[in-house]
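Structure at a glance
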Amino acid sequence: EGPLKNFYHRYRVLRSFASVLLDSYWLGINPKARLENQWVNIEPLMEICKAGKGAVLVSAHVGNWQTSLNVLDSLPVKMNLLAQPDQVEIEQYLGADRKGCPFEIIDSSDPFGGMIGATNALMRGELVNIMADRYLGGTSATVDFLGTPVRLPTAAYHLAATVGVPVIIFLTAKTGRDTFEVRVWKIMKPQNAARENRRAMLDRYALDFSQTLEKYVRNYPYQWYNFFDFWKQ
């Protein structure tokens, strides 16, 4: 494609991202602000929650992933977010006082990467949300994404296999001016493997996530917010 077409695509992505940021700020400063959400294929997740078994939710920097966390208080179990507590983006959509926060933050910057806190939460039957589309350190797998190799983190699948809980690919999309979709795209059940087979197991589930993210990007090409060379890692 030529430079004019590339400029058009960049404009569409930036415009979409600006809309998501405005939603985040609006929810953060206006206690009465609301967005309408539509749950899609949520029944399996609800069954897992009601059974009290716990699950790892893996998500990505797509759609309005920030504002969607505000609807998680409708789930029947506690939600935990594996992240650094001082992340600015978290404060933007929760508001300065953090009142009514629908989840608890597990500090991913501790010496164990938050894995001890995440394991304890899962063993209590709670949910742990982990962003699985950006490699920032730790274990990883190199898989194909849109025809080119990319490095993805695998901690979520290792954690789920160790504790014996499913992994749920949980992605959102902005569908209108004040509406968004919350969809369970896929449920995976990693099994603990012997050391010599562990790498293959982690690679398989990282590839499953990559293929699911590909489907999302093809459906919502301007709602994948990735402002760095995703393939050059």
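Residues numbered from 1 in each chain as written. Predicted model: local features only at pLDDT ≥ 70, side-chain atom pairs only at ≥ 80, totals over all residues. Heavy atoms only, no water.

Moving on: the nonpolar core. Ranked by internal contacts, the top residues of the largest apolar core, which has 41 residues, are Val56, Val58, Tyr157, Phe209, Leu213 and Tyr216. Take this core: its biggest share by element is 8 residues, from helix α6 (residues 195-219). Setting aside anything within four residues of it in sequence, one finds leucine 213 in contact with Ala60, Val62, Asp133, Phe145 and Trp224. (Core = buried A, V, L, I, M, F, W, Y, C linked by side-chain atoms within 4.5 Å. Buried < 20%, exposed > 50% of the residue type's maximum accessible area, 1.4 Å probe, protein only. Helix = DSSP H or I, 4+ residues; strand = E, 2+ residues; numbered from the N terminus. Contact = heavy atoms within 4.5 Å.)

Another aspect to go through is the packing of aromatic side chains. Within a pair of aromatic rings, the relevant descriptors are the distance that separates the centres and the angle that separates the planes. Applying the stated rule across the entire model yields 12 aromatic pairs. These aromatic residues form a ring-pair network of at least three members: Phe17, Trp65, Tyr225 and Phe227. Against the face of tryptophan 185 rests arginine 183, its NZ or CZ located 5.3 Å from the ring centre. (Phe/Tyr/Trp six-rings, centres within 6.5 Å; stacked < 30°, edge-to-face > 60°. Lys NZ or Arg CZ within 6 Å of the ring centre and 35° of its normal.)

Counting through the fold element by element, glutamate 126 comes out in the loop between α4 (115-123) and β5 (127-131). At 2.9 Å, the side chain of glutamate 126 forms a polar contact with the side chain of asparagine 80. Not counting chain neighbours up to four residues away, the residues in contact with glutamate 126 comprise Gly54, Ala55, Lys78, Asn80 and Ala121. (Polar contact = N/O pair within 3.5 Å; in protein donor to acceptor, adjacent residues only side chain to side chain.)

This brings us to the confidence of the model for the protein chain. Residues at a pLDDT of 70 or more form 90% of the protein chain, whose mean pLDDT is 85. Within the protein chain, no element has a lower average pLDDT than helix α3 (residues 88-94), which sits at 48, and none a higher one than strand β2 (residues 55-59), at 95. Note on residues 91-98: pLDDT is under 50 here. Beyond four places in sequence and across chains, it has 21 contacts. (pLDDT = per-residue confidence, 0-100.)

The next point concerns the sheet that holds β2. Taken in spatial order, the 7 strands of this open sheet run β1-β9-β8-β2-β5-β3-β4, and their pairing is mixed. Each edge of the open sheet is held by one strand with a lone partner, namely β1 (36-40) and β4 (103-107). Strand-to-strand, the axes of this sheet are offset by a mean angle of 30°, without reference to chain direction. Relative to β5, strand β3 (residues 79-83) runs parallel, the two sharing 3 bridges. Residue pairing for β5: methionine 79 is matched across the bridge by leucine 127. (Pairing = 2+ DSSP bridges. Axes fitted to C-alpha atoms, helices over the stretch in contact; angles between N-to-C directions.)

Positioned with a positive phi, asparagine 41 is a non-glycine residue whose angle comes to about 55°. Structurally, asparagine 41 is set in the loop between β1 and α2 (43-51). For asparagine 41, a relative accessible area of 39% gives the class partly exposed.

Attention now moves to the pattern of salt bridges. By the definition in use, this model includes 6 salt bridges. Measuring nitrogen to oxygen at the nearest pair gives 2.6 Å for the salt bridge that ties aspartate 23 to lysine 174. Residue aspartate 23 is found in helix α1 (residues 3-29), and its partner lysine 174 is found in strand β8 (residues 167-174); the two are separated by 151 residues along the sequence. We note a salt bridge from aspartate 208 to lysine 186, for which the minimum N-O separation is 3.7 Å. Of this pair, aspartate 208 sits in helix α6 while lysine 186 sits in strand β9 (residues 179-188), and the two are 22 residues apart along the sequence. (Salt bridge = Lys/Arg side-chain N within 4 Å of Asp/Glu carboxyl O.)

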